[in-house]
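# Per-entry structural report
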Amino acid sequence: MNKKELLNSLKEKGFSEKILDAFSSVKREDFIPKNIKAMAYKDTALPIGHGQTISQPYTIAVMLSLLDLRKGQKVLEIGSGCGYVLALLSEIVGEQGKVYGLEIVKELAEKSKENLVEYDNINVYNKNGSKGLPEKAPFDSVIISAAMRNIPEEIMSQLKNRGILVAPKGSRFEQEIIAIQRKSSSEFEMIKRLPGFVFVPFIGE
């Protein structure tokens, strides 16, 4: 599958123009190891080293859709890996938006900074993501890109009112993607549950 075929596949699945435009603008081949660049536009997860993967484009598109992102928003990705999703987020929120990534694997955090050198609105931190990034909170959206059994309250509390968190939640071998919206200082509502996904496990939970 080449890039055009991948974009057509995502379009046929009904994803919005802003998501398709982001996938069109970002070169997935820039975020994966040289030896698998020929597979860059296969709609599948690919290994990026250190036991981690770059997620399947379809899965990423599902999560981005659930976030309901807008220009100028501030977004946090926990488990940002090689930086591919950060680049997509940056394209969607635009130059006035802010994108933050947390990656616990030092080599991946450093590599993602190299991958993202042309993006002025992205900051990557090499740290455990289990407590979120309180010094930059609150966020319009939070996306967690590794599987958690439970979503820490400390992360949930970093959402703005009406903000949305999207994450894979479940056991080691199967999760559902959930979307939770903050309704008030103490109230959160589950707005979507999509079963049947498999992510790498969250490190440091």
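Above this text you will find the structure in question.
The rules behind these values
Residues numbered from 1 in each chain as written. Predicted model: local features only at pLDDT ≥ 70, side-chain atom pairs only at ≥ 80, totals over all residues. Heavy atoms only, no water. Salt bridge = Lys/Arg side-chain N within 4 Å of Asp/Glu carboxyl O. Buried < 20%, exposed > 50% of the residue type's maximum accessible area, 1.4 Å probe, protein only. Axes fitted to C-alpha atoms, helices over the stretch in contact; angles between N-to-C directions. Helix = DSSP H or I, 4+ residues; strand = E, 2+ residues; numbered from the N terminus. Parallel < 35°, antiparallel > 145°, perpendicular 65-115°, else oblique. Left-handed = near helix turned anticlockwise from the far one by under 90°. Contact = heavy atoms within 4.5 Å. Nonpolar A, V, L, I, M, F, W, Y, C, P; charged D, E, K, R; others polar. Phe/Tyr/Trp six-rings, centres within 6.5 Å; stacked < 30°, edge-to-face > 60°. Lys NZ or Arg CZ within 6 Å of the ring centre and 35° of its normal.

### Focus on the pattern of salt bridges
What the rule picks out here adds up to six salt bridges. Lysine 127 is paired through a salt bridge with glutamate 135; the nearest N and O atoms lie 3.6 Å apart. Overall, the relative accessible area of 30% leaves lysine 127 in the partly exposed class. For the salt bridge of lysine 183 with glutamate 189, the shortest nitrogen-to-oxygen distance reads 3.2 Å.

### Let's talk about the packing of helix α1 (residues 3–12) against helix α2 (residues 17–25)
Interaxial distance between α1 and α2 falls to 10 Å at its minimum, and their mutual angle equals 165 degrees. Classed by the angle they form, the pair α1 and α2 counts as roughly antiparallel. Every pair of crossing elements has a handedness; the one defined by α1 and α2 is right-handed. Touching Lys3, Leu7, Leu10 and Lys11 of α1 are Glu17, Leu20, Phe23, Ser24 and Ser25, all from α2. Classifying every residue of the contact of α1 with α2 by side-chain character gives four nonpolar, two polar and three charged.

### A few points about the packing of aromatic side chains
How two aromatic rings sit relative to each other is given by the distance of their centres and the angle of their planes. In total, this model carries five aromatic pairs according to the counting rule given. Measuring from ring centre to ring centre gives 6.1 Å for tyrosine 100 and phenylalanine 139, while their planes differ by 70 degrees; the resulting arrangement is edge-to-face. Of the two residues, tyrosine 100 is situated in strand β4 (residues 98–102) and phenylalanine 139 in strand β6 (residues 139–144); the sequence distance between them amounts to 39 residues. Both residues of the pair, tyrosine 100 and phenylalanine 139, belong to the buried class. An aromatic cluster is present here, built from Phe23, Phe31 and Tyr84 joined pairwise through their rings. Between the NZ or CZ atom of lysine 74 and the centre of the ring of phenylalanine 139, over which it lies, the distance is 5.5 Å.

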